[in-house]
Amino acid sequence: NGWAQTPRNRALREIRKAFAVHLAGDQHLPAVVHYGIDTHRDGPVAFAGPAVNVGYPRWWEPTKTGRNKQTGNADLTGDFLDHFGSPLTVLAVKNGPYDPPRAALESVNAKTSGLGLVRFNKTKRSITFECWPYSADVTKPGTQMPTWPVTVSQLDNYARKPAAHLPTLTISGVRNPVVQVFEEKSGELVYGLRLNGQTFRPHVFAPGRYTIKVGEPETNRMKTLPGLEAVDGSQTALEVKL
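Position labels on residues start from 1 in each chain and follow its written sequence. With pLDDT at 70 or above as the cut-off, local features in this predicted model cover only qualifying residues; side-chain atom pairs require 80 or more to be listed or tallied, and sums for whole chains, interfaces and linings still use all residues. Side-chain measures were taken over the full set of non-hydrogen atoms in the model, leaving aside hydrogen atoms and water.

Draft legend 1. Representation of the overall build of the protein chain. Helix numbers and strand numbers start at the N terminus; a helix is a DSSP run of H or I with at least 4 residues, a strand a run of E with at least 2. In terms of helices and strands, the protein chain carries two helices and 17 strands. Considering only C-alpha atoms, the protein chain reaches an extent of 65 × 40 × 30 Å along its principal axes. Three exposure classes are used, based on accessible area relative to the maximum for each residue type with a 1.4 Å probe and protein chains only: buried under 20%, partly exposed in between, and exposed over 50%. The buried share of the protein chain, taken over its 242 residues, is 43%. In the protein chain, once contacts between residues fewer than 6 apart in sequence are set aside, the share between residues at least 24 apart is 60%. Here the open area of atoms and residues is found with the Shrake-Rupley method and a 1.4 Å probe, where only the protein chains shown may cover a residue. With an accessible surface of roughly 13200 Å², the protein chain has 53% of that area assigned to carbon and sulfur atoms. Within this scheme the basic residues Lys and Arg register as positive and the acidic residues Asp and Glu register as negative, but His and the chain ends are omitted. Charge positions come from single atoms, namely NZ of Lys, CZ of Arg, CG of Asp or CD of Glu. With 29 positive and 21 negative side-chain charges, the protein chain shows a separation of 3 Å between the mean positions of the two kinds. Any two residues whose heavy atoms approach within 4.5 Å are treated as being in contact.

Pasting the structure below:
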């Protein structure tokens, strides 16, 4: 979850602008964590998959019970603060044993060796994390590690509460366009998102004026809409033809 804290937060702010997930490997503890920056779950979701052959056992042992716990592993999941005060939400985790068995195959399984798999559903814009023990029969149901699979929405990767909205966009001329929102004064990207459809009501996190770019970046078919005012509860609409 990250030391040093300042670059940790800076990296998470960049990742969430793309509504992207963070995938990790090596011999980390198998876990799905929803990062927090200023509050719980306002950052991206991360999945640390299990190693094929874990050389040593690892544990997640929170000193306090988490809030908003998940079903299936309630003692280890929920909202926590790490030692640096950073918010994090554990959605799934699998601890190894304190004293793993000596036999090689049993030891590999006990120490949470296995296989991680991520499924991206482009139609539903959902992301499913799967986590299989080393010797699991993947053709049979119920053989994943406890608390898996975990499914999140793409929008969960930037679930910060909006402060206002820009006009609703109805877009024609390209299918599933990309919408990029920029702060007007600084030119900084707030976020970019490929839509699942042709209509979108952009949200922002502070009042002010914004520029929106809409279109199909891979074909350079983009339209710029400058000077849009963020209004709390805005119900205005814009038609965008490309």
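Draft legend 2. Main features of the sheet that holds strand β1 (residues 22-24). At least two DSSP bridges between two strands are required for those strands to pair. Taken together, the five strands give an open sheet; going across it, the order is β1-β3-β2-β5-β4, and neighbouring strands pair in mixed fashion. With partners counted over all chains shown, the strands left at the sheet margins are β1 and β4 (78-81), one partner each. Along the sheet, successive strands turn relative to each other by an average axial angle of 25°, direction set aside. All axes are obtained by fitting lines to C-alpha atoms, using only the stretch in contact for helices, and the reported angles, taken between N-to-C directions, cover 0 to 180 degrees.

Draft legend 3. Local environment of the side chain of serine 107. As for its position among the elements, serine 107 is in helix α2 (residues 104-110). If we skip the residues at most four places from it in the chain, serine 107 touches Pro100 and Pro101.

Draft legend 4. Structural detail: the packing of aromatic side chains. Centre distance within 6.5 Å is the pairing criterion for rings of Phe, Tyr and Trp, where only the six-membered ring of Trp is used; planes under 30 degrees apart are then read as stacked, over 60 as edge-to-face, and the remainder as tilted. Considering all chains together, one arrives at eight aromatic pairs under this definition. Between the aromatic rings of tryptophan 60 and phenylalanine 80, the centroid separation amounts to 5.1 Å while the plane-to-plane angle is 90°, which identifies the pairing as edge-to-face. One end of the pair, tryptophan 60, is in the loop between β3 (45-48) and β4; the other, phenylalanine 80, is in strand β4, with 20 residues separating them in the sequence. Centroid distance tyrosine 158 to tyrosine 191: 6.4 Å. Interplanar angle 85°. Geometry classified as edge-to-face. Here tyrosine 158 is found in the loop between β8 (150-153) and β9 (164-165), whereas its partner tyrosine 191 is found in strand β12 (residues 189-194), with 33 residues between them in sequence. Residue tyrosine 158 is classed as buried on the basis of its relative accessible area, which comes to 6%. Across from the ring centre of phenylalanine 182, 5.2 Å away, lies the NZ or CZ of lysine 213, which sits over that ring. Cation placement over rings: the criterion is NZ of Lys or CZ of Arg within 6 Å of the ring centroid and within 35° of the ring normal.

Draft legend 5. Spatial organisation of the confidence of the model for the protein chain. Confidence in the prediction of the protein chain, expressed as mean pLDDT, is 91, and 97% of residues score 70 or more. How sure the predictor is of each residue is captured by pLDDT, a score from 0 to 100. The element-level mean pLDDT for the protein chain is lowest in α2, coming to 85, with strand β11 (residues 178-183) highest at 98.

Draft legend 6. Representation of the pairing of strand β6 (residues 114-121) in the model. Two elements, β6 and strand β7 (residues 126-133), share eight bridges in a ladder whose sense is antiparallel. Counted as the bridge partner of arginine 119 is threonine 128 from β7. Between the end of β6 and the start of β7, which pair antiparallel, lie four residues, with arginine 125 showing a positive phi angle near 55°.

Draft legend 7. Focus on the nonpolar core. Think of a nonpolar core as a cluster: buried Ala, Val, Leu, Ile, Met, Phe, Trp, Tyr and Cys residues, connected wherever their side-chain atoms sit within 4.5 Å. Core analysis: the largest hydrophobic core is formed by 23 residues, its most contacted members being Val179, Val181 and Ile212. Sorting the residues of this core by element identifies β10 (168-172), β11, β12, β15 (208-216) and β16 (221-230) as the ones contributing at least two each. When near neighbours in sequence (up to four residues on either side) are disregarded, valine 181 contacts Leu166, Glu188, Leu189, Val190, Tyr191, Pro202, Val204, Tyr210, Thr211 and Ile212.

Draft legend 8. Representation of the environment of glycine 66 in the model. Position of glycine 66 relative to the elements: it lies in the loop between β3 and β4. On a C-alpha basis, the gap between glycine 66 and lysine 111 in space is 24 Å, while along the polypeptide they are 45 residues apart. If we skip the residues at most four places from it in the chain, glycine 66 touches Thr77, Gly78, Asp79 and Phe80.

Draft legend 9. The sheet that holds β7, seen in detail. Strand order in the open sheet formed by three strands is β6-β7-β8, with antiparallel pairing between adjacent strands. Edge strands, defined here as strands with exactly one partner in the open sheet, are β6 and β8. Taking the axes of each pair of neighbouring strands and ignoring which way they run, one obtains an average angle of 15° across the sheet. Looking at chain direction, β7 and β8 are connected through four bridges and run antiparallel. In the sheet register, threonine 128 faces β8, and the bridge partner there is threonine 151.

Draft legend 10. Representation of the environment of serine 126 in the model. Following the sequence through the fold, serine 126 ends up in strand β7. When sequence neighbours within four positions are dropped, the list of residues in contact with serine 126 reads Arg119, Phe120, Asn121, Thr151, Val152 and Ser153.

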